[in-house]
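# Working through the structure, step by step
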Amino acid sequence: MTDPRNIVILTGAGISAESGIATFRGPGGLWEGHRVEDVCTPQALRADPDLVHRFYDLRRAALTRVEPNAAHHALVRLDRDWAGDLLLVTQNVDDLHDRAGSRRLLHMHGELKSRLCAACGDRAPHDGDLPPGSACPACHAPALRPDIVFFGEMPYAMERIEDAILSCDLFVSIGTSGAVYPAAGFVELARHAGAATLELNLERSAGSARFDDSRLGAAGTLVPAWVDAVLTGAA
Ligand code: NAD
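Residues numbered from 1 in each chain as written. Predicted model: local features only at pLDDT ≥ 70, side-chain atom pairs only at ≥ 80, totals over all residues. Heavy atoms only, no water.

## Things to note about the site of the ligand
Near the ligand, the surroundings consist of 27 residues, among which Phe24, Gln91, Asp94, His109 and Thr176 are the closest. Within the side chain of aspartate 94, a nitrogen or oxygen atom sits 2.7 Å from a nitrogen atom of the ligand. In the model, an oxygen atom of the ligand is placed 3.0 Å from a nitrogen or oxygen of the glutamate 203 side chain. Burial of the ligand by the protein amounts to 93% of the accessible area it has alone, namely 860 Å². The biggest single contributor to the shell around the ligand is helix α1 (residues 14-17), with three residues. Partitioned by chemical class, the residues of the shell around the ligand number eleven nonpolar, twelve polar and four charged. (Near = heavy atom within 4 Å. Polar contact = N/O pair within 3.5 Å; in protein donor to acceptor, adjacent residues only side chain to side chain. Areas by Shrake-Rupley, 256 points an atom, 1.4 Å probe, with all protein chains shown as cover. Helix = DSSP H or I, 4+ residues; strand = E, 2+ residues; numbered from the N terminus. Nonpolar A, V, L, I, M, F, W, Y, C, P; charged D, E, K, R; others polar.)

Now the structure itself:
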């Protein structure tokens, strides 16, 4: 493709794998040893708040032991040097894009380093453990929960993301299995809008056939090479 001006990038757990964060569907389809429905649904939060809060406390604590990798850093270079529009949409709840320095960034599935009040909707940065029943500083209800978008809940900033996709020239998906909707449907929206579509993933994904170009390999190698090509006009 020639001179893409507006770029939307979608990242998933695969971009953080080389930093040492487990992807969603590891061996046996478990996430860090848990069934997804036990830690990632509103029903689970109601049924066993201790388990769900503890799960995210551990994931939050684990962030102190990992660092952004070459793929996160390459996307920061693109963010800094790309004169056209750019939006990095991540499904990841880790903070590696943030810590690397990406600025044009949206966390569509929430963030480990954030808390949400189930009563008033207030969201605020949070570090350390978050025991169930913690009081919200805004409304005082004992209703703070991890700011994670569970299955069945509406992801953040969907309107802004869809607008960006509808006006992009290039849509790039990195390290995502293409199994979790609505993110898995973004490539169709981009195609509908006439954008070129590129997938960078370790293996063929559920959505590979929907991309114009699908490159297989580790994000830490593929992403820096792709960013170099875009910034030098060779993509
Ligand atoms: P997923 O685990 O379903 O898929 C990850 C994809 O990344 C797979 O297709 C895999 O082949 C690929 N992959 C693995 N290692 C890679 C590498 N080194 N380079 C490139 N690709 C690699 O993850 P998903 O599609 O993001 O969906 C799962 C959901 O789980 C997301 O909504 C996310 O919120 C959540 N999640 C987040 C994190 C995180 O924040 N790091 C971790 C696990 C799960």
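The rest of the description comes next.
## A few points about helix α7 (residues 158-166)
Each full turn of the α-helix corresponds to 3.6 residues, which orients residues three or four apart in the same direction. All of the buried residues in α7 are Met158, Ile161, Ala164 and Ile165. On an axial view of α7, the arc spanned by its buried residues comes to 130°, and they lie on one face. Seen from the open side of α7, the exposed residues pointing more than 90 degrees away from its buried face are Glu159 and Arg160. Where α7 is buried, its residues contact β1 (7-11), β2 (86-90), β3 (105-107), β7 (170-174) and α8 (186-192). (Buried < 20%, exposed > 50% of the residue type's maximum accessible area, 1.4 Å probe, protein only. Arc of directions from axis to C-beta. Contact = heavy atoms within 4.5 Å.)

## Focus: the environment of glycine 12
Structurally, glycine 12 can be placed in the loop between β1 and α1. Under the relative-accessibility criterion, glycine 12 is labelled buried at 2%. Counting along the chain gives 212 residues from glycine 12 to proline 224, while the straight-line C-alpha distance between them is 16 Å. With residues near it in sequence (within four places) discarded, glycine 12 still touches Gln91, Asn92, Ile174, Gly175 and Thr176.

## Examining the environment of glycine 128
When you line up the elements, glycine 128 lands in the loop between β5 (123-125) and β6 (144-148). Its relative accessible area of 34% is what places glycine 128 among the partly exposed residues. Along the backbone, glycine 128 and arginine 60 are 68 residues apart, and their C-alpha atoms lie at a distance of 7.3 Å. When sequence neighbours within four positions are dropped, the list of residues in contact with glycine 128 reads Asp57 and Arg60.

## Here's the deal with the pattern of salt bridges
Per the stated rule, a full pass over the model turns up 18 salt bridges. The salt bridge involving aspartate 95 is made with arginine 99; its shortest N-O contact spans 3.0 Å. With a relative accessible area of 8%, aspartate 95 lands in the buried category. Across the pair aspartate 127 and lysine 113 runs a salt bridge whose closest N-O atoms are separated by 3.9 Å. With aspartate 127 in the loop between β5 and β6 and lysine 113 in strand β4 (residues 110-117), this residue pair connects regions lying 14 residues apart in the sequence. The structure contains a network of salt bridges with shared partners spanning Glu67, Asp95, Arg99, Lys113 and Asp127. (Salt bridge = Lys/Arg side-chain N within 4 Å of Asp/Glu carboxyl O.)

## Re the sheet that holds β2
Paired through backbone hydrogen bonds, the strands of a sheet run either parallel or antiparallel to each other. Reading across the sheet, the six strands line up as β3-β2-β1-β7-β8-β9 and stay open at both edges, with parallel pairing between neighbours. Each edge of the open sheet carries a strand with a single partner, namely β3 and β9 (213-216). The sheet shows a mean angle of 15° between the axes of neighbouring strands, direction not considered. Packing of helix α9 (residues 219-231) onto the sheet brings it into contact with β1, β7, β8 (196-201) and β9, and relative to β8 it is tilted by some 150°. (Pairing = 2+ DSSP bridges. Axes fitted to C-alpha atoms, helices over the stretch in contact; angles between N-to-C directions.)

## Quick notes on the sheet that holds β6
Spatially, β5-β4-β6 is the arrangement adopted by the three strands of the open sheet, whose pairing is antiparallel. Two strands in the sheet have a free side with no partner beyond their single neighbour: β5 and β6. On average, each strand axis in the sheet is tilted by 40° relative to the strand beside it, whichever way the strands run. The sheet contact formed by β4 and β6 spans five bridges and is antiparallel.

## A look at the side chain of asparagine 201
Within the element layout of this structure, asparagine 201 appears in strand β8. Polar contacts involving the side chain of asparagine 201 include one to the main-chain amide nitrogen of threonine 176, which spans 3.2 Å. From its side chain, asparagine 201 meets the backbone oxygen of glutamate 203 in a polar contact 2.9 Å long. Leaving out residues up to four positions away in the same chain, asparagine 201 has contacts with Gly175, Thr176, Arg215, Leu216, Gly217 and Leu222.

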